[in-house]
Amino acid sequence: MSFYRITLPKTVTSQHNHISTPKTMKNGPRNTNPVNGVELRRQQSNSYCRQYFSESLSCGFRMCWFLHIPVDGDEKFCIETVIRFTKNPMCLQRAGAVFTGYYQNNPLGVYFSMQVLLSLLWALLKAGMVSDVFSVLNISLAHKKVPGPEFVLALFNYVREKSLLGLGPELMQLTFKMAEAGLVLDCLDCVKNTPEFQQTNSHVSGSGSGNHKLSTSAPFPEYLNLAHSIVEIELCTKQEDWRRMGEVFRSICQSSQRPNQVERISGRITIALLSESKDKLSLPFATFAETVCQNEEEGLNRSFLGRIGVSLMLRYHKTHQWAKGRRVVEVLSNCKVNYSNLKGLFGNEDATSRCFLVTVATELFLLSGSVEGALNTLRENKWFVSSSAWPCEPADLESRTRVLMRLAEKSSHRDSLDVLSNLPGLKEPNDLVDISMYAPLFNSHLQVCLDRQILPVASDTVDFMCSKNLAVDQTMLQKLLHKLGKQNLWLRAREVFRHTLSVGYYPGMSAPPGFMSLIVPCRLGEVELALTFEMFITVNATVLLHLPENTTSCLSITLKRTQSCESEYLTASSRLLSAACIPHPKLDVVYTAVNSSQEQVFTLDISSARAWLRQNHLWANEVWTH
């Protein structure tokens, strides 16, 4: 077999051909016996192995007399060979060997190309030749040439996806070398200065830096896995690869036995997700969380995903990024993460109460324009304020009150009542809250409902206020009963009147059962008086029904003075006579006299009372005597 000088194809040229004189790196390896041009050409002609440098052939000799590595100074031939071999999958290993063999003993010259190095690294990685990748990287790093974060992340991805755990220690060593050579990784200082890594570092160094045939199934220390993950997360941040970050995080949660380590990782991820991304409108957390929640399993991943979300919520709320904060809450809800039971990841968030978290989530929806989202947030959390396990501070109550008041202004009338009914201290007593201060809010809401004829909500508002001993404006109460009566909503009018009467809203009224005597304040309206007549007749039903037909007994009604103005008192007497015409059948009421207190006394005809009672006794007895 004969060997000849290999002649490169005409199409393969170097991008540096315009530079005539080679340059050497200041600290790179030097050829101590450089050859001149004539000698170099002679070496090339007589020394290179034709088969080895051919794309279609291979050298089968165990001991070949001819060179398999470019001679010192022949960088042009080296680079052109690497370019040719990189394009041919069958020659990739030789491409790596040519590159490492030449630059192990030679400085970088004018023909060196970073693009050629990256093409070689990517080709080797895609072919799964990780050991060759490590060899090339070790040589390039000796010359301070570092691939970008994209390639480093891809290398980390491959090692993790293929479970090449035994390569982890050397990969970390290479990462530190890359950082020293110019790859910016802020996370490395917190990793390499710890005792655990120093121990790993000395172990790997002792095994020999030139040995790249590490066992891919060797045990991977948990701490080294943590360091590996920290670096990978920072690389994901630089590449804005949030999906990959989610995969890394999920892997950590599944493999780690130490929650405090997962907490550290989660803190770094939170900071990464808050970083300014190229797409200003995107929410990195959405892609990240979607990846983490692909499996329905519970555990560390859901818990720490929620804590990451809580920290993001609080930060977006603090910086008034309402839309982004709202989307965080939506993502957590979609992932079925109960964020309100979780704490943030940073020290200043540890004291955040559950009440405040629910308030923040509500306000994020409200201030981003979603009233429905705000209401749903509160309802999903059952309007939580405090408990023995989750106490809250006065400031938390103030924040909740402020948000609920703003929400009530923007909600429908029915929802507004629901919101106001859940103000702190109303559903569950709280010593920190004086609920009497809420009365003006409810009266304002009552006024709006009356003005807009939303009578069912107005009635419910009065009922709730009475149940909580909140003072109802007497004028609005009278107005409500009047409107209910005029719209023939008598059942609801009776309920409201009876409830307000039972809690003391008509202190001057007196109608003891069986006494046949009624005292009514002169300030009552027609509907209130009509309801009073119904009650008066019903509570005296037993006596009325047993009186003989020709009885001389009567039902007495006294109009009690509560106003000093005589004209207003006389108007009240007119209202009383008009009120007698409202019940069906009508009642006969006549003026009879003035008592010693100068109060008018009226008589209610017993026969008309009996007629009304016979027609209405079934429901009347149920309403007025129970």
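Please refer to the structure placed before this passage.
These figures come from a predicted structure and were not determined experimentally. (Residues numbered from 1 in each chain as written. Predicted model: local features only at pLDDT ≥ 70, side-chain atom pairs only at ≥ 80, totals over all residues. Heavy atoms only, no water.)

**Student:** Can you walk me through the overall build of the protein in this structure?
**Tutor:** Counting its regular elements, the protein contains 27 helices and four strands. Expressed as a percentage of the 626 residues in the protein, the buried residues total 50%. Counting contacts in the protein only where the partners sit at least 6 residues apart, residues at least 24 apart contribute 72% of the total. (Helix = DSSP H or I, 4+ residues; strand = E, 2+ residues; numbered from the N terminus. Buried < 20%, exposed > 50% of the residue type's maximum accessible area, 1.4 Å probe, protein only. Contact = heavy atoms within 4.5 Å.)

**Student:** Is there a simple way to explain the pairing of strand S3 (residues 589-594) in this structure?
**Tutor:** Within a regular strand, the side chains alternate between the two sheet faces. Sheet analysis places S3 next to strand S4 (residues 600-604), joined by five bridges and oriented antiparallel. By the bridge assignment, valine 589 is partnered in S4 with leucine 604. (Pairing = 2+ DSSP bridges.)

**Student:** Before we go on, may I ask you to explain the packing of helix H6 (residues 149-161) against helix H11 (residues 242-255) in this structure?
**Tutor:** When two helices pack together, their arrangement is given by the angle between the helix axes and by the axis-to-axis distance. Viewed as axis vectors pointing N to C, H6 and H11 meet at an angle of 40°, and their least axial separation amounts to 12 Å. Between H6 and H11, the angle falls in the class oblique. Judged by the twist between their axes, the crossing of H6 over H11 is left-handed. Along the contact surface, H6 presents Asn157, Arg160 and Glu161, while H11 presents Arg244, Val248 and Ser251. Tallied by class, residues from the contact of H6 with H11 come to one nonpolar, two polar and three charged. (Axes fitted to C-alpha atoms, helices over the stretch in contact; angles between N-to-C directions. Parallel < 35°, antiparallel > 145°, perpendicular 65-115°, else oblique. Left-handed = near helix turned anticlockwise from the far one by under 90°. Nonpolar A, V, L, I, M, F, W, Y, C, P; charged D, E, K, R; others polar.)

**Student:** Can you help me understand the pairing of strand S2 (residues 555-560) in this one?
**Tutor:** Both strand S1 (residues 517-521) and S2 contribute to a ladder of five bridges, which runs parallel. Looking across to S2, one finds that serine 517 is bridged to serine 556. Alignment of S2 against S4, held across four bridges, turns out to be antiparallel. Looking across to S4, one finds that isoleucine 557 is bridged to phenylalanine 602.

**Student:** Mind showing me how you'd approach helix H14 (residues 300-318) here?
**Tutor:** The periodicity of an α-helix, 3.6 residues per turn, causes residues three or four places apart in sequence to face the same way. Between the first and last C-alpha of H14 there are 27 Å, a value that for 19 residues agrees with the 27 Å anticipated at 1.5 Å per step. Burial within H14 is extensive, with 15 of its 19 residues counted as buried. Of the residues one or two after H14, histidine 320 is the one with positive phi, at around 60°. (Expected span 1.5 Å × (residues − 1).)

**Student:** Please explain the state of the cysteines as it appears in this structure.
**Tutor:** Joining two cysteines, a disulfide is a covalent bond between their sulfur atoms. Tallying each qualifying case throughout the model produces zero disulfides. Cysteine 293 supplies the cysteine sulfur nearest to cysteine 335, a cysteine that is in no disulfide, at a spacing of 3.1 Å. According to the relative accessible area criterion, cysteine 335 is buried, its value standing at 11%. (Disulfide = S-S within 2.5 Å.)

**Student:** Explanation requested: the side chain of threonine 270 in the structure shown.
**Tutor:** In this fold, threonine 270 is placed in helix H12 (residues 259-273). Of the residues examined, threonine 270 reaches a relative accessible area of 0% and is grouped as buried. Filtering out sequence-adjacent residues up to four positions away, threonine 270 remains in contact with Ile308, Ser311, Leu312, Leu345 and Phe346.

**Student:** Would you mind showing me how to read the packing of aromatic side chains here?
**Tutor:** Think of a pair of aromatic rings as described by two things: how far the centres are apart, and how the planes are tilted against each other in angle. Inspection of every chain in the model, using the stated rule, returns 15 aromatic pairs. Aromatic pair phenylalanine 53 and phenylalanine 77: ring centres 5.0 Å apart, planes at 55°, arrangement tilted. Remark: phenylalanine 77 occurs in helix H2 (residues 75-87) and phenylalanine 53 occurs in the loop between helix H1 (37-47) and H2; sequence separation between them is 24 residues. Owing to a relative accessible area of 6%, phenylalanine 77 belongs among the buried residues under this scheme. Note on tyrosine 591 and phenylalanine 602: the rings are 5.7 Å apart at their centroids and 70° apart in plane angle, and the pair reads as edge-to-face. Residue tyrosine 591 is found in strand S3, and its partner phenylalanine 602 is found in strand S4; the two are separated by eleven residues along the sequence. The aromatic ring of phenylalanine 384 is capped on one face by arginine 354, whose charged end is 4.2 Å from the ring centroid. We note arginine 561 situated over the ring of tyrosine 569; from NZ or CZ to the ring centre the distance is 4.0 Å. (Phe/Tyr/Trp six-rings, centres within 6.5 Å; stacked < 30°, edge-to-face > 60°. Lys NZ or Arg CZ within 6 Å of the ring centre and 35° of its normal.)

**Student:** Help me understand the sheet that holds S3, please; the structure alone is not making it clear to me.
**Tutor:** Strands pair in a sheet through their backbones, by hydrogen bonds, and they do so in one of two ways: parallel or antiparallel. Pairing within the open sheet is mixed, and its four strands lie in the order S1-S2-S4-S3. Sheet topology places S1 and S3 at the edges, where each strand pairs with a single neighbour. Looking at each pair of strands side by side, their axes are set apart by 30° on average, direction ignored.

**Student:** Is there a simple way to think about the pattern of salt bridges in this case?
**Tutor:** A side chain of one charge can pair with a side chain of the opposite charge when the charged atoms of the two come close. Under the definition given, this model contains 18 salt bridges. For the salt bridge of glutamate 495 with arginine 492, the shortest nitrogen-to-oxygen distance reads 2.9 Å. Here arginine 492 and glutamate 495 lie together in helix H23 (residues 490-502), a separation of three residues that amounts to about one turn. Overlapping salt bridges bring together Arg414, Asp460, Asp463, Arg492 and Glu495 as one network. (Salt bridge = Lys/Arg side-chain N within 4 Å of Asp/Glu carboxyl O.)

**Student:** I'm lost on the side chain of arginine 94 in this one. Help?
**Tutor:** In this structure, arginine 94 sits in helix H3 (residues 92-103). In this structure arginine 94 is buried but unpaired, with glutamate 55 as the nearest side chain of opposite charge at 8.4 Å. Reaching out from arginine 94, the side chain makes a polar contact with the backbone oxygen of serine 54 at a distance of 3.1 Å. Among residues more than four places away in sequence, those in contact with arginine 94 are Gln51, Tyr52, Phe53, Ser54, Glu55, Leu57, Ser58 and Phe85. (Lys, Arg positive; Asp, Glu negative; His and termini not counted. Polar contact = N/O pair within 3.5 Å; in protein donor to acceptor, adjacent residues only side chain to side chain.)

**Student:** Sorry if this is basic, but what is going on with helix H26 (residues 566-579) here?
**Tutor:** Given a rise of 1.5 Å per residue, 14 residues ought to cover 20 Å, and the 20 Å separating the end C-alpha atoms of H26 matches this to within 8%. Residues of H26 that are buried: Tyr569, Ala572, Ser573, Leu576 and Ala579. Projected onto a plane normal to the axis of H26, the buried residues spread over an arc of 125° and lie on a single side. Next to the buried residues of H26 lie S1, helix H24 (526-539), S2, S3 and S4. (Arc of directions from axis to C-beta.)

**Student:** I'm lost on the packing of helix H16 (residues 354-367) against helix H18 (residues 394-410) in this one. Help?
**Tutor:** The contact between H16 and H18 brings their axes to 10 Å, and the two run at 30°. The angle between the axes of H16 and H18 places the two elements in the roughly parallel class. Crossing of H16 over H18 shows left-handed handedness. Contact with H16, carried on its side by Cys355, Phe356, Val358, Thr359, Thr362, Glu363, Leu366 and Leu367, involves Asp396, Ser399, Arg400, Arg402, Val403, Arg406, Leu407 and Lys410 of H18 and no other residues of that element. Grouping the amino acids of the contact of H16 with H18 by side-chain chemistry returns seven nonpolar, three polar and six charged.

**Student:** I'm lost on the environment of alanine 579 in this one. Help?
**Tutor:** When you line up the elements, alanine 579 lands in helix H26. With a relative accessible area of 0%, alanine 579 lands in the buried category. Taking the C-alpha atoms as reference, alanine 579 lies 8.3 Å from glutamate 528; in sequence the two are 51 residues apart. When near neighbours in sequence (up to four residues on either side) are disregarded, alanine 579 contacts Glu526, Leu529, Ala530 and Phe533.

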